[in-house]
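Structural overview for review
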Amino acid sequence: MPRYPSATPTLFIIGGAEDRVGRAALLRRFVRISGGRKARLVVIPTASSFQDEVVASYTEVFTRFGVESVDVVNPQSRRDAQDTDAVALIDNATGVFMSGGSQLRLSQFFPGTPLGDALHRAHARGTVVAGTSAGASIMSEFMISMGDEGITPVQRASQISAGLGLLKGVIVDQHFAQRSRYGRLMSVVASSPSLLGIGIDEDTAIEVVDGARFTVHGRGGVTVIDCRDVTTDAPDARRGAPLLVSGAVIHNLPAGATFDLATATLVEFVEQHPDVGASLAASSTD
């Protein structure tokens, strides 16, 4: 029976454009929590239009960190997603990494297929499931598959598709600050206030433990949008109109922040800047 670094379900969700040529701190973290040199990794390049290059790039990075076992799972149809050899690779992995590209390609081939089921089993037993860009969006139950960019939330500016559902109760957006995606995430969450919106900047990741809490890593920030108590005209606004959204709670979380998804509150913040060195505990009961 394969051994896993941890029995705790862990997701490592990257906002895209992570460093691969320098310290590659986020990818190094993924390797470490997946078992280090003994990790058995699977790369899924399916979302990309440049799949061979993606495989070569991530394989180079992971082997540079000492990993000897790097396999590829790359379905090109829902029939391919039933391949027993590909399922076996995921069943044996300690870490799975989904590349960027088009999240619609991922949503075509993984949710509701044997490969998608294998990813759920992997997550449940403690395999680290990671994704960047499109591979980040697919993590949640519902995902933004396309949409307009900009600061102002606009009615019906985004399209929602089914994700993998590895992370419940949220919707994830990526390249968040760099592509000005605040408005589209706000419009989606205002229309579905039971969901938390999580926008992740480039070269930034959240490490989600047991679906309950996440800690921020990397150079950028993570924006959490909580619309559970908003006033909005989303049910009545015409297509393309700016939305009324009043009363939303916004959390801007840099590296070192730990956030509770159930209560939508900051749990802890450990300052990452070496010239400051401050530490803040946000919950005296934790």
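Residues numbered from 1 in each chain as written. Predicted model: local features only at pLDDT ≥ 70, side-chain atom pairs only at ≥ 80, totals over all residues. Heavy atoms only, no water.

**Here we look at the environment of Ser133**
Mapped onto the fold, Ser133 is located in the loop between strand 5 (128-132) and helix 6 (134-137). Look at Ser133 and you get buried, because its relative accessible area is 11%. In the structure, Ser133 is positioned 81 residues away from Phe214 in sequence and 18 Å away in space, judged by C-alpha atoms. Filtering out sequence-adjacent residues up to four positions away, Ser133 remains in contact with Ile14, Gly15, Gly16, Gly100, Gly101, Gln174 and His175. (Helix = DSSP H or I, 4+ residues; strand = E, 2+ residues; numbered from the N terminus. Buried < 20%, exposed > 50% of the residue type's maximum accessible area, 1.4 Å probe, protein only. Contact = heavy atoms within 4.5 Å.)

**With respect to the packing of aromatic side chains**
Within a pair of aromatic rings, the relevant descriptors are the distance that separates the centres and the angle that separates the planes. Tallying each qualifying case throughout the model produces six aromatic pairs. Judged by centre distance (4.6 Å) and plane angle (45°), the ring pair of Tyr58 and Phe97 falls under tilted. Of the two residues, Tyr58 is situated in helix 2 (residues 51-64) and Phe97 in strand 4 (residues 95-98); the sequence distance between them amounts to 39 residues. Phe97 carries the same exposure label as Tyr58, and that label is buried. (Phe/Tyr/Trp six-rings, centres within 6.5 Å; stacked < 30°, edge-to-face > 60°.)

**Digging into the nonpolar core**
Ile13, Ile44, Ile90, Ile206, Phe214, Val222 and Leu261 are the most contacted members of the largest nonpolar core, which has 46 residues in total. No other element matches the four residues that helix 5 (residues 114-125) contributes to this core. When sequence neighbours within four positions are dropped, the list of residues in contact with Ile90 reads Val42, Ile44, Val73, Val96, Leu115, Ala118, Leu119, Ala122 and Arg125. In terms of nonpolar packing, the next biggest core, distinct from the first, is built from 22 residues, Ala24, Leu27, Leu41 and Phe62 among them. (Core = buried A, V, L, I, M, F, W, Y, C linked by side-chain atoms within 4.5 Å.)

**Section: the pattern of salt bridges**
Overall, the coordinates contain eleven salt bridges when judged by the stated rule. The salt bridge involving Arg181 is made with Glu149; its shortest N-O contact spans 3.1 Å. Placement of the pair is Arg181 in the loop between strand 8 (170-174) and helix 7 (182-191) and Glu149 in the loop between strand 6 (142-147) and strand 7 (158-162), with a sequence separation of 32 residues. In this structure, Arg181 engages Asp173 in a salt bridge whose closest nitrogen and oxygen atoms are separated by 3.9 Å. (Salt bridge = Lys/Arg side-chain N within 4 Å of Asp/Glu carboxyl O.)

**Focus: the environment of Ser99**
Along the chain, the position of Ser99 falls in the loop between strand 4 and helix 4 (103-109). The spacing of Ser99 and Gly131 is 32 residues in sequence and 6.0 Å in space, taken between C-alpha atoms.

**Topic: the UniProt feature "active site" (unreviewed entry) in the chain**
Those places that UniProt annotates as "active site" (unreviewed entry) correspond, in this numbering, to Ser133, His175 and Glu202. Across 70 residues, the annotated set stays spatially compact, with a maximum C-alpha separation of 8.4 Å. The residue His175 is located in the loop between strand 8 and helix 7 in this model. Of the residues examined, His175 reaches a relative accessible area of 5% and is grouped as buried. In contact with His175, not counting residues within four places along its chain, are Gly15, Gly16, Ala17, Ser133, Ser180, Arg181, Ile200 and Glu202. (UniProt positions renumbered as here; feature names shortened; annotations may be inferred.)

**What to know about helix 1 (residues 25-33)**
Buried within helix 1 are the following residues: Leu26, Leu27, Phe30, Val31 and Ile33. The first or second residue beyond helix 1 is Gly35, which carries a positive phi of 125°.

**Let's talk about the pairing of strand 3 (residues 69-72)**
As paired elements, strand 2 (residues 40-44) and strand 3 share four bridges and run parallel to each other. Residue pairing in the sheet places Arg40 in a bridge with Ser69 of strand 3. Between the parallel elements strand 2 and strand 3, the chain passes through helix 2 in a crossover that is right-handed. (Pairing = 2+ DSSP bridges. Right-handed = clockwise from strand over helix to strand, strands pointing away.)

**Quick notes on the sheet that holds strand 12 (residues 221-226)**
Across the sheet, four strands lie side by side as 8-9-12-15; this open sheet has mixed pairing. In the strand order of this sheet, the two ends are held by strand 8 and strand 15 (249-254), each with one partner. Recorded for the sheet is a direction-independent mean angle of 20° between the axes of neighbouring strands. Pairing of strand 8 with strand 9 (residues 196-200), which is carried by five bridges, proceeds in the parallel orientation. (Axes fitted to C-alpha atoms, helices over the stretch in contact; angles between N-to-C directions.)

**As for the pairing of strand 5**
Within strand 5, five of the five residues are buried, which leaves it mostly tucked inside the rest of the structure. What you see with strand 5 is no split at all: Val128, Ala130 and Thr132 on one side and Val129 and Gly131 on the other are buried throughout. Relative to strand 5, strand 1 (residues 10-14) is paired through five bridges, and the arrangement is parallel. Bridged to Ile13 within strand 5 is Gly131. Where strand 4 meets strand 5, four bridges bridge the pair, whose relative direction is parallel. Directly across from Gly95, in strand 5, lies its bridge partner Val128.

**A look at the packing of helix 3 (residues 84-92) against helix 5**
Axis angle and axis distance: for two packed helices, these are the angle between their axes and the distance between the axes, and together they describe the pair. With their axes 9 Å apart at the nearest point, helix 3 and helix 5 run at an angle of 10° to one another. Judged by the angle between their axes, helix 3 and helix 5 are roughly parallel. Here Ala86, Val87, Ile90, Asp91 and Asn92 of helix 3 come into contact with helix 5, specifically with Pro114, Leu115, Ala118, Leu119, Arg121, Ala122 and Arg125. Residue composition of the contact of helix 3 with helix 5, by class: eight nonpolar, one polar and three charged. (Parallel < 35°, antiparallel > 145°, perpendicular 65-115°, else oblique. Nonpolar A, V, L, I, M, F, W, Y, C, P; charged D, E, K, R; others polar.)

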